[in-house]
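What follows is each chain in one-letter form.
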Amino acid sequence: MPTVLAIETSCDETAVAIVNNRQVYSSIIASQIPVHQQYGGVVPEVASRQHLETLNQEIAQAMEQSHKDWGQIDGIAATCAPGLVGALLVGLTAAKTLAMVHKKPFLGVHHLEGHIYATYLSESTLDPPFLSLLVSGGHTSLIYVKDCGNYETLGETRDDAAGEAFDKVARLLKLGYPGGPVIDKLAQTGNPQAFALPEGKISLPGGGYHPYDGSFSGLKTAVLRLVQQLEKEGREVPLADVAASFQETIARSLTKRAIACARDYGLNTIAVGGGVAANSGLRKFLQAAAAEHNLRVLFPPLKYCTDNAAMIGCAASDHLSRDHTSALTLGVHSRLPLSQVMNLYEH
Ligand code: KG4
Ligand code: ZN
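Okay, so let's go over this structure.

The next subject is the site of ligand 1. Around ligand 1 there are 21 residues in total, and G137, D167, D184, G275 and N279 lie nearest to it. A distance of 2.8 Å separates an oxygen atom of ligand 1 from a polar backbone atom of G137. Here ligand 1 has 560 Å² of accessible area as a free molecule, and 88% of this is covered by the chains. Of all the secondary-structure elements, those providing two or more residues to the shell around ligand 1 are α4 (111–118), α5 (162–172) and α6 (179–187). For the shell around ligand 1, the class distribution of residues is six nonpolar, twelve polar and three charged. Looking at which domains feed residues into the shell around ligand 1, each of domain 1 (3–118 + 305–344) and domain 2 (127–299) supplies at least three.

For the rest of this paragraph, the subject is the coordination of the zinc ion (ligand 2). Around the zinc ion (ligand 2), the donor atoms from the protein are H111 (NE2), H115 (NE2) and D307 (OD), and they sit 2.0 to 2.1 Å away. One way to put it: the four donor atoms around the zinc ion (ligand 2) meet at angles of 95 to 140 degrees, and that makes the site irregular. Read from N- to C-terminus, the donor residues coordinating the zinc ion (ligand 2) fall into the pattern H-x3-H-x191-D. Residue H115 is located in helix α4, and its partner D307 is located in the loop between α10 (302–305) and α11 (310–321); the two are separated by 192 residues in the primary sequence. A single burial state applies to H115 and to D307, both of which are buried.

Let us now look at the packing of helix α2 (residues 44–66) against helix α3 (residues 85–101). Orientation of α2 relative to α3, taken along the N-to-C sense of each, is 30 degrees, at an axis distance of 9 Å. Considering the angle they form, α2 stands roughly parallel to α3. In this structure, the crossing between α2 and α3 has a hand that is right-handed. Here α2 contributes S48, H51, L52, L55 and I59 to the contact with α3, which in turn contributes G86, A87, V90, G91, A94 and L98. Considered class by class, the residues forming the contact of α2 with α3 number seven nonpolar, four polar and no charged.

Conventions we followed
Counting restarts for each chain: residues are numbered from 1 in the order of the written sequence. Each chain gets a letter, beginning with A, and each ligand a number, beginning with 1, in the order they are written. Local features are withheld for residues below a pLDDT of 70 in this predicted model, meaning they are given only at 70 or higher, and side-chain atom pairs are given and counted only at 80 or more; totals for whole chains, interfaces and linings count all residues. No hydrogens and no water enter the side-chain calculation; it runs on all heavy atoms of the structure. For each residue, the test is whether any non-hydrogen atom lies within 4 Å of the molecule or strand; if one does, the residue is near. Whenever two N or O atoms come within 3.5 Å, that pair is a polar contact, provided that in protein one can donate a hydrogen and the other can accept it, and provided that, for residues adjacent in sequence, both atoms are side-chain atoms. Accessible areas in this description were obtained via Shrake-Rupley with a 1.4 Å probe; residue shielding takes into account the shown protein chains only. Only runs of H or I of at least four residues qualify as helices and only runs of E of at least two qualify as strands under DSSP, and these elements are numbered from the N terminus. Charged residues are taken to be Asp, Glu, Lys and Arg, nonpolar residues to be Ala, Val, Leu, Ile, Met, Phe, Trp, Tyr, Cys and Pro, and polar residues to be all remaining types, Gly included. Boundaries between domains were set according to an automatic or database domain assignment. Note that water is not among the atoms used; donors are N, O and S atoms within 2.8 Å of the metal (3.2 Å for Na, K and Ca), so sites may look incomplete. Only two sets of limits are used to name each site, 85 to 135 degrees for every angle of a tetrahedral four-donor site, and over 155 degrees for opposite donors with all other angles from 65 to 115 for a square planar four-donor or octahedral six-donor site, with any other site named irregular. Each residue is placed in one exposure class: buried if its accessible area under a 1.4 Å probe, protein chains only, is under 20% of its type's maximum, exposed if it is over 50%, and partly exposed if it falls in between. A fitted line through C-alpha atoms represents every axis, and for helices the fit uses only the stretch in contact; the resulting angles, taken between N-to-C directions, go from 0 to 180 degrees. The labels follow the angle: roughly parallel below 35 degrees, roughly antiparallel above 145, roughly perpendicular from 65 to 115, and oblique for the rest. Helix crossings fall into two classes, left-handed where the near helix is turned counterclockwise from the far one by less than a right angle and right-handed where it is turned clockwise. Contacts are residue-level and defined by heavy atoms, with any inter-residue pair within 4.5 Å sufficient.

Have a look at this one:
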């Protein structure tokens, strides 16, 4: 399999890795969280500038730690979609430049395909088909993984992503950014049954509910109303109970849909990815439900759940081994359905 240098700059993580298939030779990640924390969320312009400032030294560091020289690198890859356009451009331009200078094939990689490949980095025996539950700050998707570049999205959120819901609820509870880890920690000491909150089911015109799609904006509004009501009554907001009830509602909602989807499609493995895969409530809920239904659930280690370049390199190495390469004229896209991954390559 080819060895690839991969760059990830789609949001607030500047990352570079050198990967051969499922083997990671080096993986460098510089998180911008402390920079964005002062604004309460990611500021796109600030993210691009930070990527520019740190990327070159990270490339040098990744090369050094991998003990590889340029002659041993078979291709250069970067995330090209979806994400913040300015941030993506920094990584993509760097990758194209390196590809030209070192005369290597260049590959643009779909960020969500990277999150799917993250599971391969810790599961050497995992092969398609399986169901991917992708839960990050920008996406909540159930994806039928059929082969490299061949994906069918079976379920999605109609509005807020799971991570976005954690971040927004944390903001309204004045807990800071990013919200997921703070709520997760606070929830450990709270009562998840303290408040009944809506799971965000999507009604179908003919009656019943959509089996795999969901919505989290109603849940966020329900937490807001709950807090306003408690404040109106002059009661102190029991933060831990609110966090635990909110977290359990999200975990239950994602678990129900993932299990139903895997069973309906006859898939016996669910691979979870994205930042929210770190959530202890989701891990507990999904593992228990999967055991009941004889399904296997895989959670990559935390460093591969959140944004990183190793997962991008793993996907690029597989594409390159199939002679999929991108044109140097490839641009960035803020949105791109996963079904269009193969449009990124000339093959
Ligand atoms: O995958 P990721 O690093 O970036 C995107 O591609 O979006 O995911 C970041 C998201 C944030 O919304 C963050 O609040 C959430 O993942 N997150 C968590 C936890 N750790 C990170 N959500 C719930 N529980 C956690 N422990
Ligand atoms: Zn991501």
